[in-house]
Amino acid sequence: MPPCGWLLLLSLAALTGNTFCAITTSQTERNCSISPPSEYIAPRDARLTFMTGFTGSAGTAVVTQTKATLWTDSRYWVQAERQMDCNWELEKDVSISSIAEWLISEVPAGAEIGFDPFLFSLETYENYDINLGSSNHSLTSVPVNLVDQVWTDRPPILADGIISLPDRVIQRTWQMKVEQMRKMMEDSPYRPTALLLSALDETAWLFNMRGNDIPFNPFFYSYTLLTLDEIWLFIHTERLTGELKEYLNASCAGPLCVQLKSYDSVRAQLQEYVARPGIKVWIGTEYTNYALYELITPVDKLMTSSYSPVLTTKAVKDETEQRILRDAHVRDAVAVIQLLMWLEKVVPQGTETELTAAEYVNMCRSPTNESSRKLTVDEMYLVDSGGQYLDGTTDITRTVHWGTPTEMQREAFTRVLQGNIEISRTIFPSGTRGANMEMLGRRALWEVGLNYGHGTGHGVGNYFGVHEWPVGFQTNNIPFTSGMFTSIEPGYYKDNDFGIRIEDIAVIVPTPTKYGNNYLTFDIVSLVPYDRKLIDTSLLSMQQIQWLNKYYETIRTLVGPELDRQGLKEEKDWMLKNTEPFVPSGSSAAVTSSTLTLFALVLTLFHNII
């Protein structure tokens, strides 16, 4: 041990500090451009809060023998100063290069910098290693987290909460998925002998299981090592009921029998496996933590791809998954319509209504005394909603105004809507990357010098993470193919004034073209109308209006019967009113559904006469 002793480098969240609802300094937009393996953490993993008192969603702390310093971004500077005790100092540049420069200046040359490898991705480790490389400082892996050694009242693992999914939402059994992964291993020219799964959603998907270890995400602590003839599931085995053990065939020893291993034994078991001759372990580098990566040596025993075959396979929903995810969005649309209709009614009345904590249980942010205030008719409001259903995860954003919006607000909203429509109506060859069409969501804004600073979309799961990697519009997302679900969510945010985002979930489906085959488009499954008073139809093209009217007819067709089934007459009337067809600006008369039907009838009669 060097004279200065160990340094402790820890991060708030597993692998990264980004979270689902990262709000910028203007408090009007979130950053959805990054989707880490663990967007949320369990209370027992909130080590940064335990150490510093800081409860924000992103941060890195360094502890030396003489100093304790926290790095966090501008969203949390005021909060951190208020919450940290006087032993801590705050640094405001959150880049790894900034942290490395601080370490170089504060720590004597030759010192070892300890870090928990379970909290570092490969990329994070490499970035630190590069920035410290020429300074005679070295990173040293400390697999037993030092914070845990002093956190005597650390929250325990939940005793139960792991389930297998019911048959009605499953098309592929876990045995079928295992055999599919093994086939992909056998077909690989690199001939891997094992597939290592580190991301929680990888194991949950493979075994058709869900849990409640991570808030807002149905995951459970786990790793999987899948070989061509063995299945090792690393889990807190005491939590598994007899029924689950039977479900996993845990009492046998064949190639479709799951061998249950202690969650904490993953490093020892992996090291033992890698020591065998002729071994090659396949990992996805985006999701494998450094604690496991460092054990797979020498390099010829390692096979890498950006994403594991589980993630790329999971990204394409089978027929059952597509059907039930569509169904979940119909039911979710009813809930959102009820919310919007209620707000439209009570806000102009000046009614003060305090939602209970239970009503916020699945929201990414809860109101506080500092952030809560009364809603008025003089502002725009961005309602970002979603839910976890047994058959699907939903995510939808609508921007509304209950008074008279300004011309600037209407133009900005309409241009955001144009971006949403232009992506949604695009026809493209299978295999096109989202990054190649992302600018369509921005073009109408760019034309007048506006823009937005977050990603344009992300994947969505079946009772999984609301941000499901690796689908989306970023440069490191995989190409689009039929059966993938993605959000489409352009926006615009004016500092200290208003924010706009229109977010829909779409499934990618085949579409016929005149000359070519294997072309795709987006089919919107979010089914809630946009605020009519914010739409300036004079800015919309005829094709955009036609798309909008067709979308509204889809809402009527799919959501109307569900509202009838639930006996929600008032909500259905609201939906019908807000999905009346649009006509181009300057048209002499409004066109209603009955008018369109009559017009179609007249055309039919005229055609018969001819």
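Check the entry above for the structure.
Residues numbered from 1 in each chain as written. Predicted model: local features only at pLDDT ≥ 70, side-chain atom pairs only at ≥ 80, totals over all residues. Heavy atoms only, no water.

Enquirer: Looking at this structure, I do not really get the side chain of Arg501. What am I missing?
Expert: Following the sequence through the fold, Arg501 ends up in strand E24 (residues 498–501). Taking the relative accessible area as the measure of exposure, Arg501 reaches 3% and is therefore buried. At a separation of 3.1 Å, a polar atom in the side chain of Arg501 contacts the side chain of Tyr493. (Helix = DSSP H or I, 4+ residues; strand = E, 2+ residues; numbered from the N terminus. Buried < 20%, exposed > 50% of the residue type's maximum accessible area, 1.4 Å probe, protein only. Polar contact = N/O pair within 3.5 Å; in protein donor to acceptor, adjacent residues only side chain to side chain.)

Enquirer: What is the right way to read the sheet that holds strand E14 (residues 302–305) from this model?
Expert: The strands that make up a sheet pair up through hydrogen bonds in the backbone, lying either parallel or antiparallel. Taken in spatial order, the six strands make up an open sheet running E12-E11-E10-E8-E13-E14, and their pairing is mixed. At either margin of the open sheet sits one strand with a lone partner, and together these are strand E12 (258–262) and E14. Strand-to-strand twist in this sheet, taken as the mean axis angle between neighbours without regard to direction, amounts to 20 degrees. Examined bridge by bridge, strand E11 (residues 231–235) and E12 share five bridges and lie parallel to one another. Note on E12: the bridge partner recorded for Leu233 is Leu260. On top of the sheet, helix H9 (residues 266–274) reaches strand E8 (194–197), strand E10 (223–227), E11, E12 and strand E13 (281–284); it is set at about 155 degrees to E11, its chief contact. (Pairing = 2+ DSSP bridges. Axes fitted to C-alpha atoms, helices over the stretch in contact; angles between N-to-C directions. Contact = heavy atoms within 4.5 Å.)

Enquirer: Looking at this structure, I do not really get a negative patch on the surface. What am I missing?
Expert: On the surface, Glu123, Glu126, Asp129 and Glu286 cluster together into a negatively charged patch. Judged by its relative accessible area of 37%, Asp129 is partly exposed. (Patch = residues over 30% accessible without salt bridge, like charges linked within 9 Å, V, L, I, M, F, W, Y side chains within 5 Å. Areas by Shrake-Rupley, 256 points an atom, 1.4 Å probe, with all protein chains shown as cover. Salt bridge = Lys/Arg side-chain N within 4 Å of Asp/Glu carboxyl O. Lys, Arg positive; Asp, Glu negative; His and termini not counted. Charge placed at Lys NZ, Arg CZ, Asp CG, Glu CD.)

Enquirer: I tried to follow the side chain of Thr399 on my own but got confused; where do I start?
Expert: Mapping Thr399 onto the fold places it in strand E18 (residues 396–401). A distance of 2.9 Å separates the side chain of Thr399 from the backbone oxygen of Arg501, its partner in a polar contact.

Enquirer: Can you help me understand unusual backbone geometry in this one?
Expert: Leaving glycine aside, a negative phi is the common case for residues, and trans is the common case for peptide bonds. The residue after Thr297, namely Pro298, is reached through a cis peptide bond having omega -5 degrees. Trp469 connects to Pro470 through a cis peptide bond whose omega is 10 degrees. If you trace the backbone, Pro470 turns up in strand E21 (residues 468–472). Of note in the backbone geometry, Asn208 takes a positive phi value of approximately 55 degrees without being a glycine. Here Asn208 lies in the loop between helix H7 (200–206) and strand E9 (209–210). We classify Asn208 as buried; its relative accessible area is 3%.

Enquirer: Can you help me understand the packing of aromatic side chains in this one?
Expert: For any pair of aromatic rings, the description rests on two quantities: the centre-to-centre distance and the angle between the ring planes. Per the stated rule, a full pass over the model turns up 29 aromatic pairs. Arranged with centres 4.7 Å apart and planes meeting at 50 degrees, the rings of Tyr40 and Phe216 form a pair that is tilted. Of this pair, Tyr40 sits in the loop between strand E1 (7–11) and helix H1 (47–52) while Phe216 sits in the loop between E9 and E10; the two residues are 176 residues apart in sequence, bridging distant segments of the chain. Their ring planes at 90 degrees and their centres at 5.3 Å tell us that Trp71 and Trp102 sit as a pair that is edge-to-face. Of this pair, Trp71 sits in strand E3 (residues 68–71) while Trp102 sits in helix H3 (residues 96–106); the two residues are 31 residues apart in sequence, bridging distant segments of the chain. Here Trp71 falls in the buried class, since its relative accessible area comes to 2%. Its guanidinium or amino end placed over the ring of Phe464, Lys314 lies 5.2 Å from that ring's centre, counting from NZ or CZ. A cation sits over an aromatic face here: Arg442 above Tyr452, 3.8 Å from the ring centre. (Phe/Tyr/Trp six-rings, centres within 6.5 Å; stacked < 30°, edge-to-face > 60°. Lys NZ or Arg CZ within 6 Å of the ring centre and 35° of its normal.)

Enquirer: How should the pairing of E10 be read in this particular structure?
Expert: Regular strands place side chains that alternate from one sheet face to the opposite one. When you tally the buried positions in E10, you get five out of five residues, the bulk of the element. A two-sided burial pattern is seen for E10, the buried positions comprising Tyr223, Leu225 and Thr227 on one face and Thr224 and Leu226 on the other. Taken together, the four bridges between E8 and E10 define a ladder with antiparallel strand orientation. Along E10, the bridge assignment pairs Leu196 with Leu225.

Enquirer: Looking at this model, I keep getting lost on the pattern of salt bridges. Mind explaining?
Expert: Working definition: two side chains of opposite charge can pair if their charged atoms are close together. Here the structure, examined in full by the defined rule, presents 33 salt bridges. Taking the shortest distance from any N to any O, the salt bridge between Arg154 and Asp148 comes out at 3.3 Å. Taking relative accessible area as the criterion, Arg154 reaches 22% and is therefore assigned partly exposed. By relative accessible area, Asp148 is classed as partly exposed at 22%. Connected through shared salt-bridge partners, Asp45, Arg47, Asp148 and Arg154 make up one network.

Enquirer: Can you walk me through the packing of helix H15 (residues 542–565) against helix H16 (residues 569–578) in this structure?
Expert: How two helices pack is summed up by the angle between their axes together with the distance between the axes. Contact geometry of H15 with H16 gives a least axis separation of 10 Å together with a crossing angle of 175 degrees. Between H15 and H16, the crossing angle belongs to the class labelled roughly antiparallel. Facing Tyr552, Ile555, Arg556, Gly560, Leu563 and Asp564 of H15, the residues of H16 in contact are Glu571, Lys572, Met575, Leu576 and Asn578. The class makeup of the residues in the contact of H15 with H16 is five nonpolar, two polar and four charged. (Parallel < 35°, antiparallel > 145°, perpendicular 65-115°, else oblique. Nonpolar A, V, L, I, M, F, W, Y, C, P; charged D, E, K, R; others polar.)

Enquirer: Is there a simple way to explain the nonpolar core in this structure?
Expert: For soluble globular proteins, nonpolar side chains are generally found buried alongside one another. Counting residues in hydrophobic clusters, the biggest one holds 68 residues, and the most contacted among them are Phe480, Phe522, Tyr530, Ile535 and Leu548. With nine residues, the top contributor of residues to this core is helix H12 (residues 319–346). Residue assignment places this core across two domains, with domain 2 (163–315) and domain 3 (319–579) each supplying three or more. (Core = buried A, V, L, I, M, F, W, Y, C linked by side-chain atoms within 4.5 Å. Domains from an automatic or database assignment.)

Enquirer: Would you mind showing me how to read H12 here?
Expert: Taking 1.5 Å per residue, 28 residues should reach 40 Å; H12 reaches 41 Å between its end C-alpha atoms and fits that length. A distance of 3.1 Å separates the backbone nitrogen of Thr320 from a side-chain oxygen at the start of H12, and that oxygen is part of Asp318. (Expected span 1.5 Å × (residues − 1).)

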